[in-house]
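Spelled out from the first residue to the last, the chains are:
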Amino acid sequence: MYDLIIRNARICDGSGTAAYRGALAVSEGRIAAIGTRIDGDARTVVDAGGKVLAPGFIDPHTHFDAQITWDGLATPSLEHGVTTVINGNCSLTMAPVRAEHRAFVGAVFRQIEEMPAAAFDAGMRWNWETFEEYLAAFRDNLGINVATLAGHSMLRLWVMGEAARERSATGEEVARMQDLLRECLQAGALGLSTSWVDIDHEHRPVPCRLAAPEELDALCAVLGEYGAIMQVVPEFWDPDLLCARIDILGELSRRHGITVSFSPLFDSNATPELVPRALERVRLQTAYGARIVPQMQTRPIDVTFEFDVPTSVFSTRPTWWATILKSADETLADFQNPAIRKQLVDEAYNAMHPIAMEVHFPDFIVRRCHLPHNRALEGRSLKDIAAERGCDPVELMLDLAVEENLQTCFSAVAVGHNNLARITGPLSDPLVQVGSGDGGAHVTRFATYGDTGYLFSCFVREAGALSLEQAVYKLTGQIARNWGLADRGELRPGLAADLVLFDPDTIDRGPEIAVEDLPGAGYRYLRRASGVEQVYVNGQLAYSAEAGYADARDGKRYGKIVSGARPSAA
Amino acid sequence: MSASITPQRPWVYPCEGDDWQRIAARVFPERPVEEAIADLQSWNLYLVFRPAPAGMTPSDIVFTGPPAA
């Protein structure tokens, strides 16, 4: 007697091979049998009605590090078919963090990942310091599987204190970081994350950027001992810098026998040659024996903003940038000052685009209005409203912002990574992995969820760039193999029964909506999936379109801490 | 850098405490320093225009040759 049998399914097993009509049986959280026919009975039998049964999707680039401590489901990932999230990217983790560094780490996390301070402070309990204690803080409350990288910046901070932000490490400090990384890997860390790009809340480089090359090399040597992976954020907007970084990664990969993954591989109209050049370099390094995995996101970049917080959309427009950096009262005064206003309008139309984005002010969308009588404007473009009123779109934006005391929310839609014709080829390249989704981050700026559904709706159904089987493989088997998740990613007897049942004709990411579900009554943007019918985590039904998220049973949830790293046999 | 794969563009890492003058003197010891600094800066605008207080870091790449034509 099995626990569960799903019959009459179109099985995509995550290996990329052709789908077939069949059934799958589960016992004790694991796949017990799979094939065209399964005899026997089960406590629960599901008729899939010909829908696709696939391994649960794996999201390799998320920032649920804080959220997972108060939301063990990492909502809304599950409803998009994701059964495993990989946290701790970009050198930032919530452990190991000494008590005296919590304020700094919180500020950095909130800055880089755009998490509202009130929500972060209301949700975080900080009842841990070590990596092992951190995992223990949420291990028993997981409804989704969680793997976590150890953040390079946190290792530095733990070992060097404030000096981590100021200088290279001594040999003795590097050795202590190596020991600390070993301790994290032993406790269950999946690997290491680092960054060559990020800045902290004081606009200083995050600690890992102060590392001399020898330090990173020493940490990669530890990863080699454990067969663990390294994730890194390179200068993704500059072809020459990115290619040089790929060479560095190739060298580290070969020297230490490790897999390295960089994110994002990002297309923009400013540098259309970047992705082809980067992939050519990855191919060359691969031919020389390196294992380099570029991560490419599926969705275009949208940026949502209010004028009370600086956003990169304005970073190349000096008057805008200077104005927005001021206090709210001063910004309001500038927006009404005729001379400054003229400069703002001029710069809106005549300035260099920000890095990796193409920004056209008249196309901005009025996202949310503060005053009830303006709500009819929501969802409309400045260009559209201005034409109706016979005014300039930028003047309109300034007037609206002033009237609403800077509380109006605007969106710059599809400002980067938005050229479908250029993206389809690289996204279907066998070397490129789907990733860089950033789930759990930028929550008040744009929705970082649903890239899984978007892969099927845009690249399988609309563009025809990937087959159904290839798309499933890119969300499951490929990621599991690259990240060392030996227990997941395919439908094979003995593997964990992480499953998603979906309709290939309707699966999609859903519209972006604002939801007030953060601690402290904060809002965030998310997407509600469509076409995902059931999601199982370790054999237990965790989500269904019919009933929503499953309640914890027997006081337990069935997500697990996932770790791939094990000491290599010497 | 890889010993077996030629870089697309030559570069170096900065050393601890480096500034443009020290890098220029180290990378182009035969050239007038001011001229070498001007070239280095023109090849590394991303570092020149990096907003304070984020200066050059030991993990940065400093190109020591121009981009491909």
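Residues numbered from 1 in each chain as written. Chains lettered and ligands numbered in written order. Predicted model: local features only at pLDDT ≥ 70, side-chain atom pairs only at ≥ 80, totals over all residues.

**Some points on the overall build of chain B**
Phase 1: On a plain count of helices and strands, chain B comes out with three helices and two strands.
Phase 2: Compactness check: chain B gives a C-alpha radius of gyration of 12 Å against a globular reference of 11 Å for 69 residues, within 12% of the reference.
Phase 3: Within the span of chain B, comprising 69 residues, buried residues form 23% of the whole.
Phase 4: Within chain B, residue pairs in contact and separated by at least 24 positions form 46% of the contacts whose partners lie at least 6 positions apart. (Helix = DSSP H or I, 4+ residues; strand = E, 2+ residues; numbered from the N terminus. Rg over C-alpha atoms; globule rule 2.2 N^0.38 Å. Buried ≥ 20, exposed ≤ 12 C-beta atoms within 10 Å, placed from the backbone. Contact = placed C-beta atoms within 7 Å.)

**As for the overall build of chain A**
Phase 1: Regarding its fold elements, chain A presents 17 helices and 23 strands.
Phase 2: Seen along its three principal axes, the alpha-carbon backbone of chain A occupies a region of about 80 × 60 × 45 Å.
Phase 3: Expressed as a percentage of contacts within chain A between residues at least 6 apart in sequence, the contacts between residues at least 24 apart total 76%.

**Considerations on the domain arrangement of chain A**
All names here are of chain A.
Phase 1: Partitioning chain A into domains gives domain 1 (57–299 + 421–464 + 506–524) and domain 2 (303–415).
Phase 2: Taking the mean C-alpha position of each, domain 1 and domain 2 sit 31 Å from one another.
Phase 3: Opposite the eight residues of domain 1 that make contact, domain 2 presents nine residues.
Phase 4: Each residue belonging to the side of domain 1 that touches domain 2 can be placed in one class, and the counts come to five nonpolar, two polar and one charged. (Domains from an automatic or database assignment. Nonpolar A, V, L, I, M, F, W, Y, C, P; charged D, E, K, R; others polar.)

**Here we look at the sheet that holds strand 8 (residues 145–148) of chain A**
Residues and elements named next belong to chain A.
Phase 1: Strands sit in the order 6-7-8 across an open sheet of three strands; the sheet is parallel. Of all the strands in the sheet, the pair left with one neighbour each is strand 6 (57–59) and strand 8. Shown here is a sheet whose adjacent strand axes are inclined to one another by a mean of 20°, direction ignored.
Phase 2: Here strand 6 pairs with strand 7 (residues 82–87) via three bridges, running parallel. Paired with D59 across the two strands is V85, which belongs to strand 7. (Pairing = 2+ DSSP bridges. Axes fitted to C-alpha atoms, helices over the stretch in contact; angles between N-to-C directions.)

**Section: the pairing of strand 8 of chain A**
Residues and elements named next belong to chain A.
Phase 1: Because side chains alternate across strand 8, one face comprises the buried residues N145 and A147, and the other comprises V146 and T148, equally buried.
Phase 2: Where strand 7 meets strand 8, four bridges bridge the pair, whose relative direction is parallel. For V85, the partnering residue across the bridge sits in strand 8 and is V146.

**A look at the interface of chain B and chain A**
One widely used convention gives an interface's size as the accessible area the parts lose upon coming together.
Phase 1: The partner chain A presents 23 residues to the 20 residues of chain B that form the contact.
Phase 2: Looking at the side of chain B that touches chain A residue by residue, the classes come out as 13 nonpolar, five polar and two charged.

**Description of helix 1 (residues 102–113) of chain A**
Residue and element names in this part refer to chain A.
Phase 1: Here helix 1 is 12 residues long and its end C-alpha atoms lie 16 Å apart, about the 16 Å a rise of 1.5 Å per residue gives.
Phase 2: For helix 1, the full list of buried residues reads V105, G106, V108, F109, I112 and E113. Take helix 1 and look down its axis: the buried residues cluster within an arc of 165°, on one side only.
Phase 3: Looking at the buried positions of helix 1, the neighbouring elements they touch are helix 2 (117–123).
Phase 4: Downstream of helix 1 by one or two residues, E114 has phi in the positive range, about 55°. (Expected span 1.5 Å × (residues − 1). Arc of directions from axis to C-beta.)

**Some words on the nonpolar core**
Residues and elements named next belong to chain A.
Phase 1: Counting 187 residues, the largest nonpolar core has I6, L24, L53, A150, L181, L223 and M397 as its most contacted members.
Phase 2: Tallying contributions element by element places helix 7 (residues 239–256) first for this core, with eight residues.
Phase 3: Here this core spans two domains, since at least three of its residues come from each of domain 1 (57–299 + 421–464 + 506–524) and domain 2 (303–415). (Core = buried A, V, L, I, M, F, W, Y, C linked by C-beta atoms within 7 Å.)

**Here we look at the pairing of strand 10 (residues 191–195) of chain A**
All names here are of chain A.
Phase 1: When you tally the buried positions in strand 10, you get five out of five residues, the bulk of the element.
Phase 2: Two strands pair when backbone bridges link them, and strand 9 (residues 150–151) and strand 10 are joined in this way by two bridges, in the parallel orientation. Within strand 10, the position partnered with G151 by the bridge is S193.
Phase 3: When strand 10 meets strand 11 (residues 229–233), the two strands line up parallel, connected through five bridges. For G191, the partnering residue across the bridge sits in strand 11 and is I229.
Phase 4: After leaving strand 10, the chain enters helix 6 (residues 213–226) and then returns to the sheet as strand 11, a path that is right-handed. (Right-handed = clockwise from strand over helix to strand, strands pointing away.)

**A word on the sheet that holds strand 14 (residues 301–305) of chain A**
Residues and elements named next belong to chain A.
Phase 1: Strand order in the open sheet formed by three strands is 14-16-15, with antiparallel pairing between adjacent strands. A strand with exactly one partner marks an edge of an open sheet, and here the two such strands are strand 14 and strand 15 (365–368). On average, each strand axis in the sheet is inclined to that of its neighbour by 35°, with strand direction left out of account.
Phase 2: Here strand 14 pairs with strand 16 (residues 409–416) via four bridges, running antiparallel. Among the inter-strand pairings, I301 is bridged to a residue of strand 16, identified as G416.

**Quick word on the environment of F131 of chain A**
Phase 1: Tracing the backbone through its elements, the reader meets F131 of chain A in helix 3 (residues 131–138).
Phase 2: For the pair F131 of chain A and C184 of chain A, spaced 53 residues apart in sequence, the C-alpha separation works out to 5.7 Å.

**Some details on the packing of helix 3 of chain A against helix 5 (residues 171–187) of chain A**
Residue and element names in this part refer to chain A.
Phase 1: Contact geometry of helix 3 with helix 5 gives a least axis separation of 8 Å together with a crossing angle of 25°. Judged by the inter-axis angle, helix 3 sits roughly parallel to helix 5. Crossing geometry of helix 3 relative to helix 5 is assigned as right-handed. Of the residues in helix 5, those in contact with F131, E132 and L135 of helix 3 are E183, C184 and A187. (Parallel < 35°, antiparallel > 145°, perpendicular 65-115°, else oblique. Left-handed = near helix turned anticlockwise from the far one by under 90°.)

**As for the environment of M397 of chain A**
All names here are of chain A.
Phase 1: For M397, the location among the structural elements is in helix 13 (residues 393–403).
Phase 2: Take M397: there are 24 C-beta atoms within 10 Å of it, and that puts it in the buried class.
Phase 3: Along the chain, M397 and L377 lie 20 residues apart, while their C-alpha atoms are 11 Å from each other.
Phase 4: Each residue touching M397, except ones within four places of it in the same chain, is listed here: F361, F364, L382 and F410.

**Looking at the environment of V12 of chain B**
Residue and element names in this part refer to chain B.
Phase 1: Residue position: V12 is located in strand 1 (residues 11–12).
Phase 2: Note: C-alpha distance between V12 and R31 (19 residues apart in sequence) is 17 Å.
Phase 3: Setting aside anything within four residues of it in sequence, one finds V12 in contact with V27, V62 and T64.

**Description of the confidence of the model for chain B**
Residue and element names in this part refer to chain B.
Phase 1: Across chain B, the average pLDDT comes to 91, with 96% of residues at 70 or higher.
Phase 2: Here helix 3 (residues 45–48) stands out as the least confident element of chain B, with mean pLDDT 91; strand 2 (residues 62–63) is the most confident, with 98.
Phase 3: Across the interfaces of the predicted complex, the ipTM metric reaches 0.95, alongside a pTM of 0.93. (pLDDT = per-residue confidence, 0-100.)

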